[in-house]
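# A look at the structure
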Amino acid sequence: MQAIETPKSLIMLFGATGDLAKRKLFPSLYNLYRKGKLSENFAIIGTARRDWSHEVFRDHVKDSVLTARKTAEKIDEFISHFYYQAHDVTDSESYIQLKKLADDLDQQYQLEGNRIFYLAMAPEYFGTISDHLKDDGLTNTNGFKRLVIEKPFGHDLESAKALNKQIRKSFSESEIYRIDHYLGKAMVQNIEVIRFANAIFEPLWNNRYISNIQITSSEMLGVEERARYYENSGALRDMVQNHMLQMVALLAMEPPINLTTNEIRSEKVRALRSLRAIEGEDVQKYFVRGQYGAGNIQGEKVVGYRDEVNVDPQSNTETYVAGKLMFDNFRWAGVPFYIRTGKRMATKSTKIVVQFKDIPMNLYYNKDQQLNPNLLVIHIQPEEGITLHLNAKKAGQNMETTPVQLSFASSSMEGINTPEAYEKLIYDCLHGDATNFTHWDEVALSWNFVDKISNVWEEKKMEFPNYEAGTMGPKAADELLEKDGFFWWPVENLEVDVC
Ligand SMILES: NC(=O)C1=CN([C@@H]2O[C@H](COP(=O)(O)OP(=O)(O)OC[C@H]3O[C@@H](n4cnc5c(N)ncnc54)[C@H](OP(=O)(O)O)[C@@H]3O)[C@@H](O)[C@H]2O)C=CC1
Ligand SMILES: O=C1O[C@H](COP(=O)(O)O)[C@@H](O)[C@H](O)[C@H]1O
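Residues numbered from 1 in each chain as written. Chains lettered and ligands numbered in written order. Predicted model: local features only at pLDDT ≥ 70, side-chain atom pairs only at ≥ 80, totals over all residues. Heavy atoms only, no water.

Attention now moves to the overall build of the protein. Counting its regular elements, the protein contains 15 helices and 18 strands. Here the C-alpha atoms of the protein give a radius of gyration of 24 Å, agreeing with the 23 Å that 2.2 N^0.38 yields for 499 residues. Reported as C-alpha extents along the three principal axes, the dimensions of the protein are approximately 80 × 55 × 45 Å. Relative to its full complement of 499 residues, the protein shows a buried share of 56%. (Helix = DSSP H or I, 4+ residues; strand = E, 2+ residues; numbered from the N terminus. Rg over C-alpha atoms; globule rule 2.2 N^0.38 Å. Buried < 20%, exposed > 50% of the residue type's maximum accessible area, 1.4 Å probe, protein only.)

Moving on to the site of ligand 2. In the neighbourhood of ligand 2, the contacting residues comprise Lys151, His181, Tyr182, Lys185, Glu219, Arg226, Asp238, Met239, His243, Lys343, Lys348 and Gln381. Lys151 places a side-chain nitrogen or oxygen 2.8 Å from an oxygen atom of ligand 2. Between ligand 2 and His243, the relevant distance is 2.7 Å, taken from an oxygen atom to a side-chain nitrogen or oxygen of the residue. Burial of ligand 2 by the protein amounts to 82% of the accessible area it has alone, namely 390 Å². At three residues, the largest contribution of residues to the shell around ligand 2 is made by helix H9 (residues 234–252). A per-class count over the shell around ligand 2 returns two nonpolar, three polar and seven charged. (Near = heavy atom within 4 Å. Polar contact = N/O pair within 3.5 Å; in protein donor to acceptor, adjacent residues only side chain to side chain. Areas by Shrake-Rupley, 256 points an atom, 1.4 Å probe, with all protein chains shown as cover. Nonpolar A, V, L, I, M, F, W, Y, C, P; charged D, E, K, R; others polar.)

What follows covers the domain arrangement of the protein. If you check the domain split of the protein, you get domain 1 (9–150) and domain 2 (183–483). Between the C-alpha centres of domain 1 and domain 2 the distance comes to 34 Å. Taking both sides of the interface into account, the surface hidden between domain 1 and domain 2 amounts to around 1200 Å²; carbon and sulfur atoms contribute 70%. The largest per-residue losses of area from domain 1 upon contact with domain 2 belong to Ser28, Leu32 and Arg146, which jointly make up 33% of the total buried on that side. Our enumeration of links across domain 1 and domain 2 arrives at two salt bridges. Across the pair Lys24 and Glu420 runs a salt bridge, and its minimum N-O distance is 3.9 Å. Run the count over domain 1 and domain 2 and you get six residue pairs in polar contact (both at pLDDT 80 or more). Listing elements by their share of the side of domain 1 that touches domain 2, those giving two or more residues are strand E1 (9–14), helix H1 (19–34), strand E4 (115–119) and strand E5 (145–149). Take the side of domain 1 that touches domain 2: its biggest share by element is seven residues, from H1. (Domains from an automatic or database assignment. Buried area = accessible area lost by both parts, 1.4 Å probe. Salt bridge = Lys/Arg side-chain N within 4 Å of Asp/Glu carboxyl O.)

A few words now on the sheet that holds E1. Taking strand neighbours across the sheet as the criterion, the six strands line up as E3-E2-E1-E4-E5-E6 in an open arrangement whose pairing is parallel. Of all strands in the sheet, those bounded by a partner on one side alone are strand E3 (82–86) and strand E6 (176–178). The mean angle between the axes of side-by-side strands here comes to 20°, regardless of whether they run parallel or antiparallel. In terms of strand pairing, E5 meets E6 through three bridges, oriented parallel. By the bridge assignment for E6, Leu147 is matched with Ile176. (Pairing = 2+ DSSP bridges. Axes fitted to C-alpha atoms, helices over the stretch in contact; angles between N-to-C directions.)

Along the chain, Asn436 falls in the loop between helix H13 (421–430) and helix H14 (440–459). The contacts of Asn436, once residues within four sequence positions are left out, are Asp180, Leu183, Gln189, Leu425 and Asp428. (Contact = heavy atoms within 4.5 Å.)

Our focus in this paragraph is the site of ligand 1. Close contacts around ligand 1 come from 22 residues, with Thr17, Asp19, Arg23, Arg49 and Arg50 the closest. Residue Asp19 places a side-chain N or O atom 2.7 Å away from a nitrogen atom belonging to ligand 1. Taking 890 Å² as the accessible area of ligand 1 by itself, protein coverage stands at 81%. No other element matches the three residues that H1 contributes to the shell around ligand 1. For the shell around ligand 1, the residue count by class is eleven nonpolar, four polar and seven charged.

Written out as structure tokens, the structure reads:
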């Protein structure tokens, strides 16, 4: 199949000296360049307040790429496309200089006025930048204009609405690319394919055959240097409102009538609309929050959350959330979707476990030998693949059963690392494909769901810390499933073999 040519484009990166740009965006852009997935006609303007020259910026970009990959062919050619403009986003004057540089590069590289504005900055600036881009004429071009906006998109539904209203003054919904980097992960993108391209799964994908679905996204890292942001966010806003609910929506949605952006998004929206609201008294029944205390991570002692730099010693911020989600629709009535995510947990892992119902009567069942339920495990990270857990006959004369696993590890199969999520998302944006970005309706529905929980939590303080660093979270999260006769499938024991 012939590769589709990537359009010419100017990428204007706000927050170019920041952590996200250095760790993720420059290496991803370089990978696209190395693979020939960027047009030769591209230029990048980095902006931030510090007073750098083009050369200092280019060295910074080179350093970031070499940190990510050790060797980098054509790196000097790559960085020659980078330009820097010192710029305070709150200062109107500096947009005029930025426009001049953009117009010059447009001419020099024949970019046909195509512009991507990537806001890799603190969210309080998103609205101001968007206003200036229009008011100071940067969006006034003959080509396409696209706004890529990082998370968090608001702090709650009200602030998200206000932000959306503000950016919609300068960009239409189809020009806004709200990043959820989980949607760029290879195995998250694979959920739709696993479901809709396999005759063996879709007929079973409902409450007749599935008993529960579990999604775990555990991290070993603590809050690192992001306490100022995290103290006001917590795990519910940081992970559940976006990444976790996006995975839930992809698992729960109906098959779209085709694979266009609008159809996929509208099925996700329909799924989120049928998610049962958890509010008032129910929050305690359906949701568990936690905060890590001191503990051990891979043999190293780590401090508790309240002792981290820039964290309030009495902080009530949750670093862990587990929840039981129910869909009030025909397909999923009665099937719990359990989610859990947290920092300073025992392992770094994102996995989805689909547990199938036991068969009504099985010939091999006897008192001494309980069959394992069939599981479909989708390994999102660090390993990527799928495993189907089945029962088979043990070798020998007796009709004894043994669990067997059919595994597919995508990284070992393809023999290369799958592209970084940001690489895919930038590529999609260059091509005008917004499928793996979140539509405003999804954002609004997710905040609406999450706000009801945070409102209750904000009123009622918790006895924190309630889980030790290096564990899988508070005991109450296990009890959440035990009440329903289930347990969390241990993520460490569900590994897929990666060669
Ligand atoms: N880092 C990460 O892993 C992730 C980050 N994000 C999101 O990405 C965004 C950026 O995060 P991150 O890179 O970590 O943040 P950083 O604090 O590392 O970077 C912020 C950037 O903004 C610039 N800046 C700050 N104030 C101004 C100003 N008034 N005018 C112009 N530039 C300014 C800073 O440069 P200077 O000081 O030179 O002005 C710097 O380049 C945030 O929305 C965050 O939530 C999302 C997922 C992961
Ligand atoms: O968006 C975020 O995600 C990261 C986890 O991302 P992953 O790709 O490493 O799973 C999380 O650490 C961070 O707090 C959150 O803002």
